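Now for the letters of each chain:
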Amino acid sequence: MPLNEILAILMLVSFFVLLMAGIPVALTLATAGFVFGYLGFGPLLFNLLPNRIFGVVTNYTLIAMPLFVFMGVMLEKSRLAEDLMEVIGHAAGSLRGGLGIGIIVVGVLMGATTGIVGATVVTLGLLTLPTLLRRKYDKGLACGIICASGTLGQIIPPSLILILLADIMNESVGTLFAAAMIPGLMLAGIYVLYLLGLGFVRPDMVPAVPQEERDQLSKSELAGKMLQVVLPPIALVGAVLGSIIAGVAAPTEAASMGALGAIVVTAIGGRLSWAVLRDTTYTTTRITAMMMFILMCAQVFSLAFRGLQGERLVQDFFAFLPGGTSGAIWFLMFIIFILGFFIEWIEISYIAVPLFLPIFIAANVDMVWLATLICVNLQTSFLTPPFGWALFFLRGVAPPEVTTGDIYRGIVPFVAMQLIALVLCFFFPGIALWLPKTIGW
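A brief report on the enclosed structure follows. Every value quoted in this text rests on a predicted model; they were computed, and no experiment measured them.

We now examine the overall build of the protein. Each helix and strand counted, the protein has 21 helices and 0 strands in total. Taken along the three principal axes of its C-alpha coordinates, the protein extends 75 × 45 × 45 Å. Taking contacts inside the protein between residues at least 6 apart in sequence as the whole, the part at least 24 apart equals 81%. As displayed, the protein offers around 18200 Å² of accessible surface, 70% of which is attributable to carbon and sulfur atoms. Averaging the positions of the 20 positive and the 22 negative side-chain charges in the protein gives two centres separated by 5 Å.

Now the structure itself:
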């Protein structure tokens, strides 16, 4: 085996060793890239690095990222989820499992507006977990509902994962948004069907809200609150995504309107203040800086790996896999699923996906379909222990009677449902491709 290929393998191994040792991912990427790139080529290879980093920081598509983050953080600071949960919980309460279904609906709406997993899981955990436990919901199931609903924002547009995948795979952000819409709603629908089925099979796990509690709001009051609370976020999502999908605005332009719309919605709710605006700006800057630093450090890693002929090594390995292109896709899905137990979606997106991408480009695989499969698969990384972030967020706000074992037990069926959605998207590509093709993309 040539020396460069040996260095490429050692580079991958060192990356995972440093990551498991607790070194921040950005520094891990840069360190592995610089060390092994220098061993292979000396300083010559990195003459290209300034241009690569300049290309990242001036990428027009990535400007949408801080704008969507601002939109999400502003709506989270406006306590939109609290109002949504109160209204939708009352509306769905008469049904067995209705409160759980209400949480999933709120998860869809929050996902389409905020898209921030931590904020959504923490908010839903604080607002709904004590209520679910008081209503005699199974503890594990209650935790699973909250964690799974909180992560829907990573597939339902506008999603940061989709923006990054669009950059990695050289696809239109709007096309990926359109492709992920139906799979995201399908996944939420699978969750709802599961809760409805439990309502028939195990009604003790998902009891209905008592009648006297539902009677606290009359039907007219409930209808008025539905219009007041549910309509603004739906209108905001419709304006942002509708303008992208209809081709009226580019994703970056629509993101700027979404950020402005989030300020308007917060002001209408009477919660806009200088403190809220300052905190939102600070949080947006911190999240964006972290993500951009990871992207820039990833350029060092990818440049060194490509220079060491790592891509050819991966291609040679794929030649031994059975099943042709389908086998290669499932191998990638397996790798992403396993990596999701240990590292975050950003690292997976910028390490695993670029390694395998040339294989699928050569095989003429539809990149939009493949990006959707990756996005559905990445949902599991938020729920799988030991490093599922949704589990950590919920553990931080859960009451003392909820154990870590309850949380781990509760997410198992929802991870299984996410894998079912992945299988459906693989065998029925139209789930992802129908909307983009209908629009004409």
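On to the environment of Leu160, then. Tracing the chain through its elements places Leu160 in helix α9 (residues 160-169). Classification of Leu160 as buried rests on a relative accessible area of 14%. C-alpha of Leu160 to C-alpha of Thr252: the two residues are 92 residues apart in sequence and 12 Å apart in space. When sequence neighbours within four positions are dropped, the list of residues in contact with Leu160 reads Met65, Val69, Met291 and Trp345.

It is worth spelling out the side chain of Ser349 at this point. Residue position: Ser349 is located in helix α17 (residues 345-362). Leave out the neighbours within four places in its chain, and Ser349 touches Leu165, Ile168, Pro354 and Leu378.

The next subject is the packing of helix α14 (residues 274-307) against α17. Two elements in contact, α14 and α17, have axes separated by 11 Å at closest approach and are oriented at 25°. Taken as axis vectors, α14 and α17 run roughly parallel relative to one another. Note that α14 runs across α17; the crossing there is right-handed. Residues Met291, Ile294, Leu295, Ala298, Gln299, Phe301 and Phe305 of α14 touch α17, and the partners they reach there are Trp345, Ile346, Tyr350, Ile351 and Leu355. The residue inventory of the contact of α14 with α17, partitioned by class, reads 11 nonpolar, 1 polar and no charged.

Counted according to the given criterion, the structure contains 4 salt bridges. Of the charged contacts, one joins Arg409 and Asp138 as a salt bridge, the two residues approaching to 3.3 Å between their closest N and O atoms. Linking Arg409 in helix α20 (residues 404-427) with Asp138 in the loop between α7 (117-134) and α8 (139-150), this pair joins segments that are 271 residues apart in sequence. The exposure class assigned to Arg409 is partly exposed, which follows from its relative accessible area of 43%. Taking relative accessible area as the criterion, Asp138 reaches 23% and is therefore assigned partly exposed. For Asp406, the salt bridge identified is with Arg409, shortest N-O distance 3.3 Å. With Asp406 and Arg409 both in helix α20 and 3 residues apart, the pair spans about one turn of that helix. Asp406 gets classed as buried once you look at its relative accessible area, which sits at 10%. Among the charged side chains, a network of salt bridges with common partners joins Asp138, Lys139, Asp406 and Arg409.

Turning our attention to the environment of Thr325. One can find Thr325 in helix α16 (residues 324-339). For Thr325, a relative accessible area of 35% puts it in the partly exposed group. A C-alpha to C-alpha distance of 7.5 Å links Thr325 and Phe360, two positions 35 residues apart in sequence. Setting aside chain neighbours within four positions, we find Thr325 in contact with Phe360, Ala363 and Val365.

Next up on the list: the side chain of Thr280. Its location among the elements puts Thr280 in helix α14. Here the side chain of Thr280 touches Val276 through a polar contact of 2.7 Å, landing on its backbone oxygen.

This part is about α14. An ideal rise of 1.5 Å per residue puts 50 Å on 34 residues; α14 measures up with 49 Å between its terminal C-alpha atoms. Immediately downstream of α14, the backbone of Gln309 shows phi near 65°, a positive value.

In this section: the environment of Leu277. Within the secondary structure, Leu277 sits in helix α14. Here Leu277 falls in the partly exposed class, since its relative accessible area comes to 27%. Separated by 200 residues in sequence, Leu277 and Lys77 have C-alpha atoms that sit 8.9 Å apart. Among residues more than four places away in sequence, those in contact with Leu277 are Phe70 and Met74.

Definitions and limits used
Residues numbered from 1 in each chain as written. Predicted model: local features only at pLDDT ≥ 70, side-chain atom pairs only at ≥ 80, totals over all residues. Heavy atoms only, no water. Helix = DSSP H or I, 4+ residues; strand = E, 2+ residues; numbered from the N terminus. Contact = heavy atoms within 4.5 Å. Areas by Shrake-Rupley, 256 points an atom, 1.4 Å probe, with all protein chains shown as cover. Lys, Arg positive; Asp, Glu negative; His and termini not counted. Charge placed at Lys NZ, Arg CZ, Asp CG, Glu CD. Buried < 20%, exposed > 50% of the residue type's maximum accessible area, 1.4 Å probe, protein only. Axes fitted to C-alpha atoms, helices over the stretch in contact; angles between N-to-C directions. Parallel < 35°, antiparallel > 145°, perpendicular 65-115°, else oblique. Left-handed = near helix turned anticlockwise from the far one by under 90°. Nonpolar A, V, L, I, M, F, W, Y, C, P; charged D, E, K, R; others polar. Salt bridge = Lys/Arg side-chain N within 4 Å of Asp/Glu carboxyl O. Polar contact = N/O pair within 3.5 Å; in protein donor to acceptor, adjacent residues only side chain to side chain. Expected span 1.5 Å × (residues − 1).

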